[in-house]
Amino acid sequence: MMKLAVISDIHGNLHALDAVLQDLESVGADKTWVLGDLAAHGPHPAACVAKIRELAAADKDNFKVIGGNTDRYLVTNARATRKRAEDEETYKKYVQQFATESAIFSWDTAQLGWENYEYLSKLIGRELRTTVEDYGIVMGYHAIPGNDEYNITDATPDEEALDSVLDRPLRMGIYGHIHVQVNRDLRRAHLVNPGSVGMSFETPGKAQYAVITFDGASAQIDMRAVDYDIDAVAADLQQVGHPHPTVIEKILREGRI
């Protein structure tokens, strides 16, 4: 039997990360995977990266970390891909959105410091893989293999969801990115999303993660959501001089961008 804990999309929310780590300590796991988006948006980007770095350094064999799309944005100054504006109203929204995002990502990058920045730069584009005895190959990635921005949700057609892992010889694919928990057994592949630690879109005020227990040829998925102090996060956004604290607080409280 092997127990794998999976956390993703921390987004600079140290209160949520601490809540998950405390809960995980009581649950226990043989291995822990972190599937990216460690720093961007929340009030404590540097502290979140530093904590993950510390945990990974303390258990190099069993605590593994990869990067996500927003980690890539902080490292490379890239931004999210969007369709072109088709009308003036959308264009005006884009202008405001681009300015807000740029201010937030620039602030995040400045908070990181060189060591955290360098650490994130080494995580970009990576995947995780392990072979579980009697079960098969389990892989971890941020959104889909080869694309850290693609959305696979419960509403994605089975064929499209399976196509996303067509060139990977896996039995289970575990991913983050969409901030919503997913558990889809598509026979040829079992797709699991642990949700978001720091910015859940379905359980605002709760930090999500998953613990997967492999026992022989079967896997039990324990989707978890633990409380954290969202008021404290809102206060921290103001205290640290975040460039758009109300924007982030709104996302945290309403569960959407």
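See the structure above.
None of the values given here were measured: they were computed from a predicted structure. Every chain is numbered on its own, with residues counted from 1 as its sequence reads. Under the rules for a predicted model, residues below a pLDDT of 70 receive no local features and side-chain atom pairs below 80 are neither given nor counted, while totals for whole chains, interfaces and linings still include all residues. To get the side-chain values, all heavy atoms of the structure are used, and hydrogens and water are removed first.

A. Highlighting the side chain of Asp-37. Looking at the element boundaries, Asp-37 is found in the loop between β2 (31-34) and α2 (45-58). Under the scheme applied here, a residue whose accessible area is under 20% of the maximum for its type counts as buried, over 50% as exposed, and between as partly exposed, the area being computed with a 1.4 Å probe on protein chains only. When charges are counted, neither His nor the chain ends are considered; positive counts come from Lys and Arg and negative counts from Asp and Glu. Definition used for salt bridges: Asp or Glu carboxyl oxygen within 4 Å of a side-chain nitrogen of Lys or Arg. Here Asp-37 sits buried without a salt bridge, and the closest side chain of opposite charge, Arg-72, lies 8.4 Å off (N-O distance). Polar contacts here mean pairs of N or O atoms no more than 3.5 Å apart (in protein, one a potential hydrogen donor and the other a potential acceptor; neighbouring residues in sequence count only if both atoms are side-chain atoms). Only 3.2 Å separates the side chain of Asp-37 from the backbone nitrogen of Asn-69, close enough to count as a polar contact. Side chain to side chain, Asp-37 and His-142 meet in a polar contact 3.3 Å long. When sequence neighbours within four positions are dropped, the list of residues in contact with Asp-37 reads Asp-9, Ile-10, His-11, Gly-67, Gly-68, Asn-69, Thr-70, Asp-71 and His-142. Helix and strand assignments follow DSSP, with helices taken as H or I runs no shorter than four residues and strands as E runs no shorter than two, numbered in order from the N terminus. Contacts are assigned to residue pairs with any non-hydrogen atoms lying within 4.5 Å of each other.

B. View of the pattern of salt bridges. Under the definition given, this model contains 17 salt bridges. The partner of Asp-18 in a salt bridge is Lys-51, with the nearest N and O atoms 2.6 Å apart. Residue Asp-18 is located in helix α1 (residues 14-27), and its partner Lys-51 is located in helix α2; the two are separated by 33 residues in the primary sequence. Since its relative accessible area comes to 31%, Asp-18 is described here as partly exposed. Residue Asp-227 pairs with Lys-206 through a salt bridge whose shortest N-O separation is 2.5 Å. Of this pair, Asp-227 sits in strand β10 (residues 218-227) while Lys-206 sits in strand β9 (residues 206-215); the two residues are 21 residues apart in sequence, bridging distant segments of the chain. Through salt bridges with shared partners, one network takes in Asp-23, Asp-222 and Arg-224.

C. Fine view of the sheet that holds strand β6 (residues 172-174). If DSSP finds at least two bridges between two strands, the strands pair. Read across the sheet, five strands follow the order β4-β5-β6-β8-β7 without closing on themselves; strand pairing throughout is mixed. The two strands at the open ends of the sheet, each matched to only one other strand, are β4 (128-132) and β7 (181-185). The mean angle between the axes of side-by-side strands here comes to 15°, regardless of whether they run parallel or antiparallel. As judged from the five bridges shared by β7 and strand β8 (residues 190-194), these two strands associate in the antiparallel manner. Across the sheet, residue Asp-185 finds its bridge partner in β8, namely His-190. Axes here mean lines fitted to C-alpha atoms, for a helix over just the part in contact, with angles spanning 0 to 180 degrees between N-to-C directions.

D. Spotlight on the pairing of β8. In terms of burial, β8 is a largely internal element, five of the five residues being buried. Where burial is concerned, the two faces of β8 agree: the one with His-190, Val-192 and Pro-194 and the one with Leu-191 and Asn-193 are both buried. In this antiparallel pair of consecutive strands, β7 and β8, the connection spans four residues, and Arg-187 shows a positive phi of 70°.

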